[in-house]
There are 2 protein chains.
Amino acid sequence: MEPALIITTLNSIAPLEQGAIAAFLDLCEEISIPRNEYLVRQGERTPYAYFLEEGVVRVFFNNEGNEYNKTFFVPGMFPTPITALISGEPSQLGFQALVASKLTRFSYQGFRALFKSHPCLESLMLRILELEWIKKERHDIRMVTNDATTNYLVFRKEYPGLENQIPQYHIASYLGITPIQLSRIRARLAKGQ
Amino acid sequence: MEPALIITTLNSIAPLEQGAIAAFLDLCEEISIPRNEYLVRQGERTPYAYFLEEGVVRVFFNNEGNEYNKTFFVPGMFPTPITALISGEPSQLGFQALVASKLTRFSYQGFRALFKSHPCLESLMLRILELEWIKKERHDIRMVTNDATTNYLVFRKEYPGLENQIPQYHIASYLGITPIQLSRIRARLAKGQ
DNA sequence: CCCATTCCTTAACATATGTTAATGCGCAGC
DNA sequence: GCTGCGCATTAACATATGTTAAGGAATGGG
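Here's a quick rundown of the structure. Nothing here was measured: the structure is a model prediction, and the numbers come from that model.

With that settled, consider the side chain of B:S101. Residues and elements named next belong to chain B. Along the chain, the position of S101 falls in strand β7 (residues 101–107). On the accessibility criterion, S101 (3% relative accessible area) is buried. In terms of polar contacts, S101 uses its side chain to reach the backbone amide nitrogen of V56, at 3.3 Å. Here V99 takes part through its backbone oxygen, which lies 2.7 Å from a polar atom of the side chain of S101. In contact with S101, other than residues within four places in its own chain, are I31, S32, I33, L52, E54, G55 and V56.

Moving on, we get to the protein's contact with DNA strand C. Taken together, the neighbourhood of DNA strand C is formed by 14 residues, with A:Q181, A:R184, B:Q168, B:Y169 and B:S183 sitting nearest. Sugar and phosphate atoms constitute 71% of the interface atoms of DNA strand C, taking the interface as everything within 4 Å of the protein. The contact in question runs from a phosphate oxygen of DNA strand C to an N or O atom on the side chain of B:S183, over 2.9 Å. Those elements giving two or more residues to the surface near DNA strand C turn out to be α8 (179–192) of chain A together with α7 (168–175) and α8 (179–192) of chain B. With five residues, the top contributor of residues to the surface near DNA strand C is α8(B). Classifying every residue of the surface near DNA strand C gives six nonpolar, five polar and three charged.

If you rotate chain A by 180° and push it 0.0 Å along the axis, it lands on chain B with an RMSD of 0.0 Å. Such a combination of turn and shift is consistent with a two-fold rotation axis. Relative to the rotation axis, the closest C-alpha in chain A is found at A:L126, a distance of 2.7 Å. Both copies share a contact surface, since 100% of the interface residues of chain A are interface residues in chain B too.

For any two helices packed against each other, the geometry comes down to the angle between their axes and how far apart the axes lie. All names here are of chain A. Between helix α7 (residues 168–175) and α8, whose axes approach to 8 Å, the crossing angle comes to 95°. As the angle between them shows, α7 and α8 are arranged roughly perpendicular. Packed against α7, whose contacting residues are Q168, Y169, I171, A172 and L175, the element α8 presents P179, L182 and R186 at the interface. Here the contact of α7 with α8 is composed, by residue class, of six nonpolar, one polar and one charged.

Rules of the game
- Residues numbered from 1 in each chain as written.
- Chains lettered and ligands numbered in written order.
- Predicted model: local features only at pLDDT ≥ 70, side-chain atom pairs only at ≥ 80, totals over all residues.
- Heavy atoms only, no water.
- Helix = DSSP H or I, 4+ residues; strand = E, 2+ residues; numbered from the N terminus.
- Buried < 20%, exposed > 50% of the residue type's maximum accessible area, 1.4 Å probe, protein only.
- Polar contact = N/O pair within 3.5 Å; in protein donor to acceptor, adjacent residues only side chain to side chain.
- Contact = heavy atoms within 4.5 Å.
- Near = heavy atom within 4 Å.
- Nonpolar A, V, L, I, M, F, W, Y, C, P; charged D, E, K, R; others polar.
- Least-squares fit on C-alpha atoms with pLDDT ≥ 70 in both.
- Axes fitted to C-alpha atoms, helices over the stretch in contact; angles between N-to-C directions.
- Parallel < 35°, antiparallel > 145°, perpendicular 65-115°, else oblique.

Structure, rendered in structure tokens:
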């Protein structure tokens, strides 16, 4: 495959040797996925890690019909069931494309198998997890601290334009409120301005 | 220092060479901390990673006087400001001993400096982050999915005896409710049983 | 031993948010 | 160009939880 966004992204995270890059690219394949299709279904096993080149993906948890969106992925991010890949268990989370998307995917086991011959890839993996950890912690603190209105405004800043590409009930679920409540918030904001 | 709980814990996470263990132990020092003292204050920098040998520690976020307990640590866990250590920024989280506690601490930079000569320590670090990630994800899913009553019951199972060692407002904050609400839940449970 | 502090409980009240339901807009398929 | 479906909005209502306040048990210090 041709080195797309993923290579520049990985290189900006940690320095990689040429040999490691080549070996890694051998594992990669590009896939396209239509709107509303699933990368990973809840309860399903998958061998793949994913990198989003174009589009939007959501990750969510479904409990008795109620869905909770954990976060949205935009290009440059990794919509990957880390826990499932690490633990070997079926994924507790579902991953769904919200618009037609292009992704790079690669076998996680294959990737780990490269660590012995290319230690820089293990350092890369550690660095990625570190960065994800930081991101998640900041996110968690924000969500707990702010009220829904503030988090809605943050969402709009963090994902410019996304608001108009996906149904509002996905945003509401992400904010931890009902679509009705989000509608009330939007009405209040429109009036207050 | 004498190899205490931390060594058996680390060995159970990932296999370590003798040389690596010795080099690591050189970095370690044991500390005791009285009840209600802070390991790390919010807004403070710290060079240390911590491992809890005995006692209880909470990690919390404070926003304009409102405190949000993220989790509790019991022996065998790492009450460590990972994000602060990785990013070099002041810690957004506070770490406080809720009962008199014993910990092992070590310089995080010193630890990372060992990665070059002891790659197994880097693998260990990666493994620890992986396990923490899994734990956090399961925790997050539970907290979102369940109501406060269920989460309270889970808390009692997950931290046996802890309920009687710490004030209930810390538990309420952990559950995301007010102490009054927790009191109502407890009253209902006592009656319903 | 007593007092003060801390913290849990209970009640009365206020309020934000969920629930149910009806309305209407806009897009897609026929 | 209709027609139907999916989705957002709005209103009326129900309810859970926060707020304020008061009282009482337990604990620790003088």
